Amino acid sequence: MATNGRLRDYLTKDEVRALLRAARSTRRYGARNHAMVLLAYRHGFRASELVELRACDVDFRAGTIYCRRRKGSKSTVHPMKKDELEAIGRVLRDREVDPRDYVFRSERGEKLTRYAFWRIVSEAGKRAALPMKAYAHQLRHGCGYYLANKGCDLRLIQDYLGHKQIQNTVRYTALNADRFRGLW
């Protein structure tokens, strides 16, 4: 599907579900890959932000995650849903965890690179048979469009994604025809 002559730059809720199933089905790192896709979508993480996530950024007691933003965006604390906490718990379960440790690591125990996450999303997209090539930033945009279609206030979406400029957030309302309901 194309938008204004370009490939669609977001994933729908159903496409994300299929991507999550495909990521989980990875033989060796299914739990890690599933958790990464889930958090990238639910919290609008950029790939570089996701791979920088540390154990101390997740507060299991409070059920929150610190979203350390990049590219001049504003960092925030988000509430987490039970399935997200469980997904991170599965990733951290079988290792000694120092609060400074990166949550997502390679098989050598090193921090994953953003390129590795891009590859995880791309390969999961192929396994999920998505109608277009999947790439990591589609999850961030999918988050924005999901929130806009849910009827969330533009300023709330701006804060949630860490945008400093509202112009970066306005794009998410463009496809929501419901915003015009009740005008006449």
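Use the structure listed above.
Residues numbered from 1 in each chain as written. Predicted model: local features only at pLDDT ≥ 70, side-chain atom pairs only at ≥ 80, totals over all residues. Heavy atoms only, no water.

Novice: Any details on the packing of aromatic side chains? Residues and values, ideally.
Specialist: Any pair of aromatic rings gets described here by the distance separating the centres and the angle formed by the planes. For the structure shown, the criterion picks out 4 aromatic pairs. For the pair Tyr145 and Tyr172, a centre-to-centre distance of 5.0 Å together with 85 degrees between the ring planes defines the contact as edge-to-face. Residue Tyr145 is found in helix α6 (residues 137-149), and its partner Tyr172 is found in the segment after α8 (167-170); the two are separated by 27 residues along the sequence. A single burial state applies to Tyr145 and to Tyr172, both of which are buried. Put simply, the rings of Tyr10, Tyr145 and Tyr172 touch in pairs and so form one group of aromatic residues. Stacked on the ring of Tyr29, the Lys or Arg Arg32 has its end atom at 4.4 Å from the ring centre. Just above the ring of Tyr102 sits the side chain of Lys111; from NZ or CZ to the centre is 5.2 Å. (Phe/Tyr/Trp six-rings, centres within 6.5 Å; stacked < 30°, edge-to-face > 60°. Helix = DSSP H or I, 4+ residues; strand = E, 2+ residues; numbered from the N terminus. Buried < 20%, exposed > 50% of the residue type's maximum accessible area, 1.4 Å probe, protein only. Lys NZ or Arg CZ within 6 Å of the ring centre and 35° of its normal.)

Novice: Which residues make up the pattern of salt bridges, and what values do they have?
Specialist: Scanning all chains against the criterion turns up 14 salt bridges. Note that Arg8 is salt-bridged to Glu15, the shortest N-O span being 2.8 Å. Residue Lys111 is joined to Glu52 by a salt bridge in which the shortest nitrogen-to-oxygen separation is 2.6 Å. A residue pair is termed long-range when its members are at least 10 positions apart, and Lys111 in the loop between α4 (82-92) and α5 (114-127) and Glu52 in the loop between α3 (47-51) and β3 (58-59) qualify at 59 residues. For Glu52, a relative accessible area of 22% corresponds to the partly exposed category. (Salt bridge = Lys/Arg side-chain N within 4 Å of Asp/Glu carboxyl O.)

Novice: Break down unusual backbone geometry for me, citing the residues and quoting the values.
Specialist: One non-glycine residue, Lys71, lies in positive phi territory at about 55 degrees. Take Lys71: its relative accessible area is 72%, and that puts it in the exposed class. Here Ala129, not a glycine, exhibits a phi torsion of approximately 55 degrees, which is positive. Along the polypeptide, Ala129 turns up in the loop between α5 and α6.

Novice: I'd like a rundown of the nonpolar core, residues and numbers included.
Specialist: Residues Leu39, Phe104, Phe117 and Leu139 are the most contacted members of the largest nonpolar core, which totals 41 residues. The element contributing the most residues to this core is helix α2 (residues 30-43), with 7 residues. Those residues in contact with Leu39, other than ones at most four positions away along the chain, are Gly44, Phe45, Leu50, Leu53, Ile65, Met80, Glu84, Ile88 and Phe104. With 9 residues, the next largest nonpolar core counts Tyr10, Cys143, Leu161 and Tyr172 among its residues. (Core = buried A, V, L, I, M, F, W, Y, C linked by side-chain atoms within 4.5 Å. Contact = heavy atoms within 4.5 Å.)

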